Amino acid sequence: MNTSDIRGAAPTGPTTPGEDEFREAIATGDADDRGDETGGGRGTASRDTPERGEMELAERHALRRVQGLSTELTDITEVEYRTLRLERVVLIGVWTSGTQTEADNSLTELAALAETAGALVLEGVTQRRPKPDPATYIGKGKAVELRDIVEATGADTVICDGELTPGQLRQLEDVVKVKVIDRTALILDIFAQHARSSEGKAQVELAQLNYLLPRLRGWGDSLSRQAGGSGGGSGGGVGLRGPGETKIETDRRRINDRMAKLRRQLAHMRTARDVKRDVRRTREVPSVAIAGYTNAGKSSLLNRLTGAGVLVENALFATLDPTVRQARTPDGRGFTLSDTVGFVRHLPHQLVEAFRSTLEEVADSDLILHVVDGSHPDPEEQIRAVHEVFAEIDATDVPELIVVNKVDAAAPDTLKVLRSRYPDVVEVSARTGEGVSDLVAAVADALPELAHEVRALVPYSRGDLVAKAYEEGRVLSEEHTGEGTRLHAFVPELLAAKLGEFAPSTA
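This one's a predicted model, so the numbers in the text were calculated from it and none came from an experiment.

### Details of the overall build of the protein chain
- Each helix and strand in the protein chain was counted, giving 16 helices and 13 strands.
- Within the protein chain, the proportion of its 507 residues that are buried is 51%.
- A separation threshold of at least 6 residues defines the contact pool for the protein chain, and within that pool the share at least 24 residues apart is 71%.
- Approximately 23,600 Å² of the protein chain is accessible, and the part contributed by carbon and sulfur atoms is 51%.

### A few points about the packing of helix 6 (residues 183-194) against helix 7 (residues 198-212)
- Their axes nearest at 10 Å, the elements helix 6 and helix 7 cross at an angle of 155°. Viewed along their axes, helix 6 and helix 7 adopt a mutual orientation that is roughly antiparallel. At the point where helix 6 passes helix 7, the crossing takes the left-handed sense. For the pair formed by helix 6 and helix 7, the contact residues are Thr-184, Ala-185, Leu-188, Phe-191 and Ala-192 on the first element and Val-204, Ala-207, Gln-208 and Tyr-211 on the second.

### Quick look at the nonpolar core
- Grouped together as the largest cluster of nonpolar side chains are 43 residues, with contacts concentrated most on Ile-159, Leu-186, Phe-343, Leu-351, Val-362, Phe-390 and Ala-395.
- With six residues, the top contributor of residues to this core is helix 6.
- Every residue in contact with Leu-351, bar those within four places of it in the chain, is listed here: Ile-187, Leu-188, Phe-191 and Ala-207.
- Counting residues in each nonpolar core, the second largest holds 23 residues, with Ile-290, Ala-296, Leu-367 and Val-371 among its members.

### Let's talk about helix 7
- Its 15 residues give helix 7 an end-to-end C-alpha distance of 21 Å, which sits within 8% of 21 Å, the value for a rise of 1.5 Å per residue.
- Taken together, the buried positions of helix 7 are occupied by Glu-199, Gly-200, Ala-202, Gln-203, Val-204, Leu-206, Ala-207, Leu-209 and Tyr-211.

### As for the packing of helix 9 (residues 298-306) against helix 14 (residues 436-446)
- For the pair helix 9 and helix 14, interaxial distance at closest approach is 11 Å and the crossing angle is 85°. Between helix 9 and helix 14, the interaxial angle falls into the category roughly perpendicular. Listed contacts from helix 14 to Leu-301, Arg-304 and Leu-305 of helix 9 are Val-436, Leu-439 and Val-440.
- Classifying every residue of the contact of helix 9 with helix 14 gives five nonpolar, no polar and one charged.

### A closer look at the confidence of the model for the protein chain
- Scored by pLDDT, the protein chain has a mean of 76; 71% of the residues are at 70 or more.
- Across residues 1-17, confidence stays below pLDDT 50; counting only partners more than four residues off in sequence or on other chains, it has 51 contacts.

### Describing the environment of Arg-217
- Relative to the assigned elements, Arg-217 resides in the loop between helix 7 and helix 8 (246-282).
- C-alpha of Arg-217 to C-alpha of Glu-249: the two residues are 32 residues apart in sequence and 9.8 Å apart in space.

### Some words on the side chain of Ser-429
- On the secondary structure map, Ser-429 appears in the loop between strand 10 (426-427) and helix 14.
- In terms of polar contacts, Ser-429 uses its side chain to reach the side chain of Asp-408, at 3.0 Å.
- Among the polar contacts made by the side chain of Ser-429, one reaches the side chain of Thr-432 at a distance of 3.0 Å.
- Not counting residues within four places of it along the chain, the set of residues in contact with Ser-429 comprises Asn-405, Lys-406, Val-407, Asp-408, Glu-434 and Val-436.

### Observations concerning the packing of aromatic side chains
- Counting across every chain of the model gives one aromatic pair.
- In this structure, Arg-128 is placed above the aromatic ring of Trp-95, and the distance from its NZ or CZ to the ring centre is 4.5 Å.

### Points about the pairing of strand 7 (residues 334-339)
- Among the six residues that make up strand 7, six are buried, leaving the element largely enclosed by the rest of the structure.
- What you see with strand 7 is no split at all: Gly-334, Thr-336 and Ser-338 on one side and Phe-335, Leu-337 and Asp-339 on the other are buried throughout.
- Counting the residues that bridge the hairpin from strand 6 (residues 323-328) to strand 7 gives five residues, and of these Gly-332 lies at a positive phi of roughly 100°.

### Observations concerning the pattern of salt bridges
- Under the counting rule described, the total for this entry stands at 15 salt bridges.
- We note a salt bridge from Glu-145 to Lys-142, for which the minimum N-O separation is 3.5 Å. You can see Glu-145 and its partner Lys-142 sitting in helix 4 (residues 140-153), three residues apart, about one turn around the helix.
- The structure contains a network of salt bridges with shared partners spanning Glu-109, Asp-161, Arg-183 and Arg-345.

Conventions we followed
- Residues numbered from 1 in each chain as written.
- Predicted model: local features only at pLDDT ≥ 70, side-chain atom pairs only at ≥ 80, totals over all residues.
- Heavy atoms only, no water.
- Helix = DSSP H or I, 4+ residues; strand = E, 2+ residues; numbered from the N terminus.
- Buried < 20%, exposed > 50% of the residue type's maximum accessible area, 1.4 Å probe, protein only.
- Contact = heavy atoms within 4.5 Å.
- Areas by Shrake-Rupley, 256 points an atom, 1.4 Å probe, with all protein chains shown as cover.
- Axes fitted to C-alpha atoms, helices over the stretch in contact; angles between N-to-C directions.
- Parallel < 35°, antiparallel > 145°, perpendicular 65-115°, else oblique.
- Left-handed = near helix turned anticlockwise from the far one by under 90°.
- Core = buried A, V, L, I, M, F, W, Y, C linked by side-chain atoms within 4.5 Å.
- Expected span 1.5 Å × (residues − 1).
- Nonpolar A, V, L, I, M, F, W, Y, C, P; charged D, E, K, R; others polar.
- pLDDT = per-residue confidence, 0-100.
- Polar contact = N/O pair within 3.5 Å; in protein donor to acceptor, adjacent residues only side chain to side chain.
- Phe/Tyr/Trp six-rings, centres within 6.5 Å; stacked < 30°, edge-to-face > 60°.
- Lys NZ or Arg CZ within 6 Å of the ring centre and 35° of its normal.
- Pairing = 2+ DSSP bridges.
- Salt bridge = Lys/Arg side-chain N within 4 Å of Asp/Glu carboxyl O.

As structure tokens, then:
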């Protein structure tokens, strides 16, 4: 396949040696790897037909929020019952350890998350504390200062760079008098906007309900509460017993019922995903998972290597649904290449649990291509954050190949530090194609070799076995003789048994 065949979101830079072989067989694909998991096939449309990634990007940009036209309720006690619509926001972060540069980088990332969600960031503030205040997260005095900043800027939302407890959330809202959300709620909102497949939507909804359940509140402080004790007793007595906050209990039951239903749905979807994965395991097809920090260029790299045409956008968590494509190394070995959801520092635990079935693509792979954004101010912190997620999903034992992307925009000093820290690092640019040939060679060297070596004289009437050897294995030599095709190859176990019938006699 030539570079001119790549359309849509795929890069348009020059090709490098090895790319054409790497993309071989992408056009035909495998029926087992289609559907929601694959992100759609390329089809046979002309070059002028937009790819799926282009159409998704156009759809995402078709509806944009207009600043200043909000119809939000002003009663902040009902904040959890409203759709999360961010407009003009002020950021606040508590710096408990590390350097000021690290704190600034974290707040810069929070600003990027807020902009991805559709907000206009007005101001950001960091505070140095030994630990967050248990009552208001930033302390009573700083909360009053934050209220003054909100009033001066006209902001309607405060975003905290951390996960707030229900008590911190409510007490901080009581002081600043505007809506307050934390980093977890912000990430969940982005995931809800970008999920496309039925599995992705169910996973995001489950994570949101997990987050919402402990943060439910009543519809105000005026509702009567159930009180025990006899007349005259503390907390009870005549006139003090009532029905209690039945509304919040009803909400809890509904949420628990919905969460149980979503877990059942995800269990069925997981079964379908496991069946597809078992088919590839039976055929002994090696799997390579592209993982890494969000916006590191994973989808762009997948497009560069396979021409998948998946959505590419300069935004955090642009793609959530996994995409699986078939590919071949230059020496003919077939394998699958899968793109996964991006990671971020302090990735919410609810998301890790909800997306566990999807993240298993990483844990069950034979090789992880860990993509790192070389143009980021602190790529080593990104690597540490990704490794923390690997540990949480039990993927630390999988062989890892670190790929530094965006080297065309990276600082030379940053690349030098990464080379010294990780000697086997591969430097590429998915936009220009620089270093892709080195990446292809590195992947070919890292893939496990098929364990079954066969030498067979296959009759011409069984040409299907020769075709399968090329499709599923690696053919070392082929010779056409008068009796049939003399074949020397490494193939999967099932195919080795069939070719074994035509093995030459050693007698």
